[in-house]
Amino acid sequence: MPSTSAQSDRPEPPALTGWLYDGVTSDRRAVTVAIDGDMLRIVDGEGAVDTVGFGDLVPLGDHARIVFGRVGREGWRLRLDPLPAEIAARLPRQERHGGILDRFPIVLVLIVAALASVVGLVALMQGAAFAARLVPMSWEVALGDALVGDLGGSACNAPAGRAALDRLVARLALDTPVKVRIVDLDIENAVAMPGRQIIVFRDLLTNARSPDEIAGVIGHEAGHVANRDVMTGLLRSFGLSVLIGGVDGGAMTASLLASRYSRAAEAAADDYAIHALDAARVTPAATAAFFDRLAKSEGGDAFATRAASYFASHPLSADRRRAFLASAREAGRYTPALDAPDWRDLRAICGK
Amino acid sequence: MDEDAGAGGAFDAFTFTATWRDYLPIALSNLALTIVTLGIYRFWAKARERRYLWSHTRFVDDTLEWTGTGKEMFLGFLVAMVILIPVLLFIQFGAQAMAMRGMLGLAFTLLLASYAILLYLYGVARFRGLRYRLSRSWWHGVRGGSDESGLRYGVSHFWKTLVGSVVVALLVPWSMTRLWNERWSGMSFGDRTFECNVTTSGLMGRWIMVMLCPIAGALIAVILAAAMYNGDPGRTFVVTAITFFTIYGLMALAGIGYYAAFLQAAIGDLRLGRVCFHFDADSMDWLKLFLGNIALVIGTLGIGIAFVGYRNWSFFIHHLGASGEIDELHQSTTHVPRDAEGLLDAFDFGAV
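Attention here is on the structure that accompanies the text. Note that the structure is predicted; figures quoted are calculated from it, not measured.

1. Considerations on the sheet that holds strand β9 (residues 190-193) of chain A
Residues and elements named next belong to chain A. Read across the open sheet, the 3 strands follow the order β8-β10-β9; overall the sheet is mixed. Strands at the two margins of the open sheet, each flanked by one partner only, are β8 (179-183) and β9. In this sheet, neighbouring strand axes are inclined to one another by 20° on average, regardless of whether the strands run parallel or antiparallel. Sheet topology places β8 next to strand β10 (residues 197-201); 5 bridges connect them, and they run parallel. Counterpart to arginine 181 in the pairing with β10 is isoleucine 199.

Next up, the structure:
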């Protein structure tokens, strides 16, 4: 690499000195620069001359150590040392955070961005419930079928049990058509899935003390179906994951299977169940007792671990139990949700 | 350029001239903006951080320059998400839906295929992340890059990682060194290609130490249990806890020891033209870096996380050296990638 010097015998009075990279080689050339109107006249040690318009210069780096790039010439870098005042005065404002952010005070940017984020989150949470109602039910059914299908071999289908389950659902006379199935998994839980599907896992059935409890649970899940809570939950978690940037698949699955609905959505589903039970003349006390039992078992015995899965998706509160109890009327009004043979058949639906 | 700098063999090639006070406003405003934008600003924050760090990193006689932008990193991330989302959705929903329909075999096969695709893409992402960083790093008006797409590297990464870690864990040093060589041999700066032929010599001993940790931990557990066990559940818990922390503590320490040796060997074998690189951080240095980072984040109640990138870069440059002679470089003719580090970022491995 040739050693260069800034010696120039040209008589150019206000010569500025600096160095130049031409973007072609890594050679660092000492140059002298003269300002000629709107142009810079750059002369290197070997006498080669180049002229650049001010408009083509791009100031880079911080103002304390400014380097010029050149439009259309990648890697071209010119540094003037010292930077003459007449050029410094023409420099655009120093870039800090980049782009539009530099036009406003940082505190204002922070406040506006924070507010926008909060508004965005609230709009998403509220808007999801609204948007869920706009999703055609046929799409939701298709989604539900795609996700759950016919449950393969894990759905329990003993004919007598199936008939008993159908009678139980018919008795509730729900205003929303739902498809209830029992799945042979030792989970004490029930979930509403997209497309008006309700899945009750086997342990919930085998641990139930009466068909009235199952009626209450189905009524509650049917409430979620009627209120489009499943779709709302899906849209919320999907929107959140898009907003936060990054698909947290785990969270999405969790939100689907263990759908965490808002307190208000839970209360509304309870309300739906209470009305369905009342219309069907099934006692709500059994459902209240069922909640009670789950709550009391929180002590740490084996039952608690099974109950935990139900708690995770259905946060209990004394208020909710009380609401069921308060809706109970005189005992003579109620008959069991299923007669004894049907109840036996239903419990044997998984063939166990 | 001053040729003396490179003539005498080893020289203090890399210096880091930043100060934490200087960087503080950038760190704090980056953190604040990232929080209030729910993380979306992080791409611009990273660009700004690198612009600062690069411009305060000196190689021989001039600083580096970072020309990557937040916008291109954001767009790269979006594109990567479009590629990854179908795979992630299948892993989260598709496989489950198929399993529920009883197509267990097919679901399992496709699930394995999905993980294979992810492993392949991760290799491609590592290659492209490095290619992107070099293509946006300038020195003396010259940049780096690669003419390869990384698709072939992905294949190599796929099978070498599987053979190295899954089949025979003892081959991990072999797969790591081979992949390092392949990655860097595909990279160039200016018109020079990096060369690297690091071998596992000197690494096997350290890796075997890592592999022996669980055995050592189990031995300690047996000795502890023999000395302390008296049937008391509290005592049992203490023994279990000590064993647990011993095994993981030992593995972490041995892992740091191995990684320090690996990077010393790997960077120590890297050459660009007649320039050889060195890296002298030993296990203690790494341990101090990690503990320092942890203490910084905890001690500042999390705010210090804004300084972790700065500390890591400072550590890296402080321990990085070079020797040999610097030839004149010609401008890189490699393709300028537009995908930024999208894929790598999507895998959440976006280091500095």
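After that view of the structure, there is still more to cover.
2. Here's the deal with the state of the cysteines
What the rule picks out here adds up to 1 disulfide over all chains. Across the disulfide, cysteine 156 of chain A is cross-linked to cysteine 350 of chain A (sulfur-sulfur distance 1.9 Å). Taking the sign of the S-S torsion, 90° for the link of cysteine 156 of chain A and cysteine 350 of chain A, the bridge is right-handed. Here the residue cysteine 156 of chain A occupies a position in the loop between α3 (137-148) and α4 (159-172), and cysteine 350 of chain A occupies one in the segment after α13 (340-347), the gap between them amounting to 194 residues. A relative accessible area of 4% means that cysteine 156 of chain A is categorised as buried. On the basis of relative accessibility, which here comes to 15%, the residue cysteine 350 of chain A falls in the buried class. This cysteine, cysteine 196 of chain B, is not joined by any disulfide, and cysteine 276 of chain B carries the nearest cysteine sulfur, 11 Å off.

3. Remarks on the pattern of salt bridges
Residue and element names in this part refer to chain B. Following the criterion strictly, the structure yields 20 salt bridges over all chains and no others. Between aspartate 191 and arginine 192 there is a salt bridge whose closest N-O contact spans 3.8 Å. Arginine 192 sits in the partly exposed class, given a relative accessible area of 26%. Residues joined by salt bridges that share partners form a network here, namely Asp191, Arg192, Arg274, Glu325 and Asp327.

4. Concerning the nonpolar core
By size, the foremost hydrophobic cluster in this structure holds 67 residues, and its most contacted members are Phe59, Trp180, Trp184, Phe194, Phe277 and Trp286 of chain B. Here this core gets 9 residues from one element, more than from any other, and that element is helix α9 (residues 233-268) of chain B. Setting aside anything within four residues of it in sequence, one finds tryptophan 286 of chain B in contact with Ile256, Tyr259, Ala260, Leu263, Phe279, Ala281 and Phe315 of chain B. With 43 residues, the next largest nonpolar core counts Ala222, Val225, Ala276 and Ala280 of chain A among its residues.

5. Details of the environment of alanine 163 of chain A
Tracing the chain through its elements places alanine 163 of chain A in helix α4. Along the backbone, alanine 163 of chain A and aspartate 342 of chain A are 179 residues apart, and their C-alpha atoms lie at a distance of 8.3 Å.

What counts, and where the lines are drawn
Residues numbered from 1 in each chain as written. Chains lettered and ligands numbered in written order. Predicted model: local features only at pLDDT ≥ 70, side-chain atom pairs only at ≥ 80, totals over all residues. Heavy atoms only, no water. Pairing = 2+ DSSP bridges. Helix = DSSP H or I, 4+ residues; strand = E, 2+ residues; numbered from the N terminus. Axes fitted to C-alpha atoms, helices over the stretch in contact; angles between N-to-C directions. Disulfide = S-S within 2.5 Å. Buried < 20%, exposed > 50% of the residue type's maximum accessible area, 1.4 Å probe, protein only. Salt bridge = Lys/Arg side-chain N within 4 Å of Asp/Glu carboxyl O. Core = buried A, V, L, I, M, F, W, Y, C linked by side-chain atoms within 4.5 Å. Contact = heavy atoms within 4.5 Å.

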